[in-house]
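Listed below are the residues making up each chain.
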Amino acid sequence: MHRKTVAQIVQALDAGEFSCVELTDHYLKRIKQHNDTLNAVITLNEEEALAKAKAEDCARAAGTHATLSGIPILHKDIFCTQGLRTTCASRMLDNFVPPYESTVTQRCLENGMIPLGKTNMDEFAMGSSNETSYYDPCKNPWRTDAVPGGSSGGSAAAVAARLAPIATGTDTGGSIRQPASLCGITGLKPTYGRVSRWGMIAFASSLDQAGPMAQTCEDAALLMNTISGFDPKDSTSADKATPDFTAQLNEPLNGLTIGLPKQYFSNGLDPHIDKALQAAIDQLKTLGAQCVEIDLNTTDMAIPAYYVIAPAECSSNLSRFDGVRYGYRCDNPKDLKELYERSRAEGFGDEVKRRIMVGTYALSAGYYDAYYLKAQKIRRLIKQDFDQAFKQVDLILSPTTPTTAFKLGEKNLDPIEMYLNDIYTIAANLAGIPGLSIPIGFHEGLPIGMQLLGNHFSEERLLNVGHQFQQQSSWHLEIPNDYQG
């Protein structure tokens, strides 16, 4: 069963090859079998998942089932799930059980999907390797001494190892696309506002966006049909009609113009990744696309701007975790000041504290204009850079990451080097545009990803190009050796 894509599972369930209960039980057993090695899942939702699967079997028998009825899914542990622990992989929320359901998870439930549990992640989504988790790092299923990428590393590892056919992730600076690349799966960051952020615990509110992590572009499109759309509970949700993201998957690529930013193919790129990209570019050309070189002159400004804006928003969003209302509270504080200080000092990890301090500094009197305001001006220039590029081309193609997955612990002592791992993904979040990562090869047993960027609300086109490429390749169907059976 676990070798099937979501689209194939839907067909098999419709044909009666197996029941929703049998399918759900199969994936629950795989999680139990492999999670001690991978550490991809923080909380298992076994009892409720089987009960939901039984209900979906009844709905199917009655002919009242929804489109993705019976499809198991794992959710990144940043989405609030009613009655199911939601931790953000932090000691601060280790005991937090939300009284409400996020819009993303609620829409999945309404479409008949089976929530298997919650996946490991970087604490409060802050990291590029999944090593900042309070529950210890997740491992890359292709090589367990390597990172899966972050912050949605648990979701990426779980889908790659077929512990679930599909999962949700969130992307603030590359946190869907980067782990998708490092684990050899498909990951889509939608346009900012395309998917509701309500009930998704905030890191940087103007950058965060939820999206699918799947085996194929077709599967990602199916989940986008479920989770997308206007939400009156989210003031940043785009009041825009939601298309059928599967409708254009089989459209030919004739006449498509793809831009290749010369700044993204620089000396910092691993030559093996460059070689795989050139082969992928050649494949797209045979499918009818033409490629032209373009300039994105603000590329070098993206990381400095991001690491002012994101920590500034993080320092504001995380101020609510004070040990008073919910979450971790220190033992026996002598007064209110010590309650605040110790609860936050003991509840947050090092990376979260680092970003809170940087953000608080950037927002403080005397430094706001010099850092935060200047970073926002650079953000506007980055958006204008993309606007100008999309007047010349339909899509932009680039590496997703500068290297394949690095070893656990390799970059922990150098935060700057860790931040540079998101060099190709951050600009899309600053501009609010959609981005897709798909697998295009391997080097020394580790996956290589290719990123496609589009103009605002062009997810259909991105998925179309990705799907057409995947029709001519099989990289996305590869399963790590230890997880095939």
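Fair warning: this is a prediction, and the values are worked out from it, not measured in the lab.

**Q** Any chance you could explain the overall build of the chain here in plain terms?
**A** Counting its regular elements, the chain contains 15 helices and eleven strands. For 485 residues, the compact-globule estimate of 2.2 N^0.38 gives 23 Å, and the C-alpha radius of gyration of the chain, at 21 Å, lies within 12% of that figure. Each principal axis of the C-alpha distribution contributes one length, and for the chain these read about 65 × 55 × 45 Å. Long-range contacts, defined as pairs at least 24 residues apart, comprise 76% of the intrachain contacts of the chain with a sequence gap of at least 6. Surface accessibility of the chain: about 18000 Å² in total, with carbon and sulfur atoms responsible for 49%.

**Q** Can you walk me through helix α5 (residues 153–160) in this structure?
**A** It helps to recall that an α-helix has 3.6 residues per turn; residues three or four apart then point in one direction. Counting buried residues along α5, eight of its eight residues qualify, which places the element largely inside the surrounding structure. Where α5 is concerned, the buried positions are G153, G154, S155, A156, A157, A158, V159 and A160. Each element contacted by the buried residues of α5 is listed here: α2 (20–38), β2 (72–76), β3 (114–119), β4 (166–171), α6 (177–183) and β6 (209–214). R162 sits one or two positions beyond α5 and adopts a positive phi of about 60 degrees.

**Q** Honestly, the nonpolar core in this entry has me stumped. Any pointers?
**A** Nonpolar side chains in soluble globular proteins tend to end up buried together. In terms of nonpolar packing, the biggest core is built from 147 residues, with F124, L284 and F386 touching the most fellow members. Of the residues forming this core, the biggest block, nine residues, is contributed by helix α9 (residues 302–317). Residues contacting L284, with those up to four places away along its chain left out, are L253, I258, A289, L397, M450, V465 and F469.

**Q** What is the right way to look at the environment of S237 in this model?
**A** Within the secondary structure, S237 sits in the loop between α7 (217–227) and β7 (257–261). Sequence separation of S237 and R197 is 40 residues, and the distance between their C-alpha atoms is 7.6 Å. When neighbours within four sequence positions are excluded, S237 is seen to be in contact with G193, G229, F230 and D231.

**Q** Just checking my understanding: could you explain the packing of aromatic side chains for this structure?
**A** The geometry of two aromatic rings is summed up by the distance between their centres and the angle between their planes. Per the counting criterion, the structure on display carries 17 aromatic pairs. On the numbers, 5.1 Å between centres and 50 degrees between planes, the contact of F124 with F321 is tilted. Of this pair, F124 sits in the loop between β3 and α5 while F321 sits in the loop between α9 and α10 (336–347); the two residues are 197 residues apart in sequence, bridging distant segments of the chain. Overall, the relative accessible area of 3% leaves F321 in the buried class. An aromatic cluster is defined as three or more aromatic residues linked by ring pairs; in this entry it consists of F96, F124, F321, Y326 and F348. In this structure, K233 is placed above the aromatic ring of W198, and the distance from its NZ or CZ to the ring centre is 4.1 Å. The positively charged end of K240 is found above the aromatic ring belonging to F457, 5.0 Å away from the centroid.

**Q** I tried to follow empty space enclosed by the protein on my own but got confused; where do I start?
**A** Where empty space is left can be seen by rolling a probe of water-molecule size over the atoms. Counted under the stated rule, the structure contains two cavities of 30 Å³ or more. The computed volume of the largest cavity comes to approximately 80 Å³. Lining the largest cavity are 14 residues, and of these G127, S175, Y306, Y307 and D422 lie nearest its centre. Counted by class, the lining of the largest cavity contains six nonpolar, six polar and two charged residues. In this structure, the second largest cavity spans a volume of roughly 40 Å³. Around the second largest cavity, the lining residues are I73, H75, T81, E101, T105, C108, L109, M113, I114 and P115. Looking at the lining of the second largest cavity, the elements that each hand over two or more residues are β2, α4 (103–110) and β3. Of all the elements, α4 adds the most residues to the lining of the second largest cavity, at three residues. Partitioned by chemical class, the residues of the lining of the second largest cavity number six nonpolar, three polar and one charged.

**Q** Which parts of the structure should I look at to understand the pattern of salt bridges?
**A** Oppositely charged side chains may form a pair once their charged atoms are brought near each other. Under the criterion given, the structure shown has 17 salt bridges. The shortest N-O distance in the salt bridge between D295 and K262 comes to 3.3 Å. In this pair, D295 sits in the loop between β8 (290–294) and α9 while K262 sits in the loop between β7 and α8 (271–286), placing the two residues 33 residues apart along the sequence. Notably, a salt bridge pairs R325 with D322, separated by 3.0 Å at the nearest N-O pair.

**Q** Would you mind showing me how to read the side chain of E460 here?
**A** In this fold, E460 is placed in helix α15 (residues 459–471). No salt bridge is formed by the buried E460; its nearest oppositely charged neighbour, R194, is found at 5.3 Å. The residues contacting E460, other than those within four sequence positions of it, are P243, D244, F245 and Q248.

**Q** I tried to follow helix α11 (residues 350–363) on my own but got confused; where do I start?
**A** In this model α11 runs 20 Å from its N-terminal to its C-terminal C-alpha over 14 residues, within 8% of the 20 Å that 1.5 Å per residue would give. Taken together, the buried positions of α11 are occupied by E351, V352, R355, I356, G359 and A362. For α11, the angular spread of the buried residues around the axis is 135 degrees, confining them to a single face. Facing away from the buried surface of α11 by more than 90 degrees, the exposed residues are D350 and M357.

**Q** Just to check I follow, could you spell out the side chain of T87 for this structure?
**A** With respect to the helices, strands and loops of the structure, T87 is situated in the loop between β2 and α4. A distance of 2.5 Å separates polar atoms of two side chains, one belonging to T87 and the other to D77. In terms of polar contacts, T87 uses its side chain to reach the backbone amide nitrogen of A89, at 2.9 Å. Other than its neighbours up to four places away in sequence, T87 contacts I42, D77, L93, D94 and Y135.

**Q** Even after reading the chapter, I still don't get the state of the cysteines, so can you show me in this structure?
**A** Working definition of a disulfide: a covalent bond connecting the sulfur atoms of two cysteines. One pass over the structure, following the stated rule, counts zero disulfides. Here C138 stays free of any disulfide, with the sulfur of C183 as its closest cysteine sulfur at 6.9 Å. In this structure C291 is a free cysteine whose sulfur lies 17 Å from that of C217, the closest cysteine sulfur available.

**Q** Can you walk me through the environment of Y326 in this structure?
**A** Mapped onto the elements, Y326 comes out in the loop between α9 and α10. Residue classification places Y326 among the partly exposed residues on the basis of a relative accessible area of 32%. C-alpha of Y326 to C-alpha of K411: the two residues are 85 residues apart in sequence and 33 Å apart in space.

About the cut-offs
- Residues numbered from 1 in each chain as written.
- Predicted model: local features only at pLDDT ≥ 70, side-chain atom pairs only at ≥ 80, totals over all residues.
- Heavy atoms only, no water.
- Helix = DSSP H or I, 4+ residues; strand = E, 2+ residues; numbered from the N terminus.
- Rg over C-alpha atoms; globule rule 2.2 N^0.38 Å.
- Contact = heavy atoms within 4.5 Å.
- Areas by Shrake-Rupley, 256 points an atom, 1.4 Å probe, with all protein chains shown as cover.
- Buried < 20%, exposed > 50% of the residue type's maximum accessible area, 1.4 Å probe, protein only.
- Core = buried A, V, L, I, M, F, W, Y, C linked by side-chain atoms within 4.5 Å.
- Phe/Tyr/Trp six-rings, centres within 6.5 Å; stacked < 30°, edge-to-face > 60°.
- Lys NZ or Arg CZ within 6 Å of the ring centre and 35° of its normal.
- 1 Å grid on protein atoms, 1.4 Å probe; cavity = no way out; pocket = protein on both sides within 12 Å on 5 of 7 lines; lining within 4 Å.
- Points joined across faces, edges and corners; volume = space filled by probe spheres on them.
- Nonpolar A, V, L, I, M, F, W, Y, C, P; charged D, E, K, R; others polar.
- Salt bridge = Lys/Arg side-chain N within 4 Å of Asp/Glu carboxyl O.
- Lys, Arg positive; Asp, Glu negative; His and termini not counted.
- Expected span 1.5 Å × (residues − 1).
- Arc of directions from axis to C-beta.
- Polar contact = N/O pair within 3.5 Å; in protein donor to acceptor, adjacent residues only side chain to side chain.
- Disulfide = S-S within 2.5 Å.

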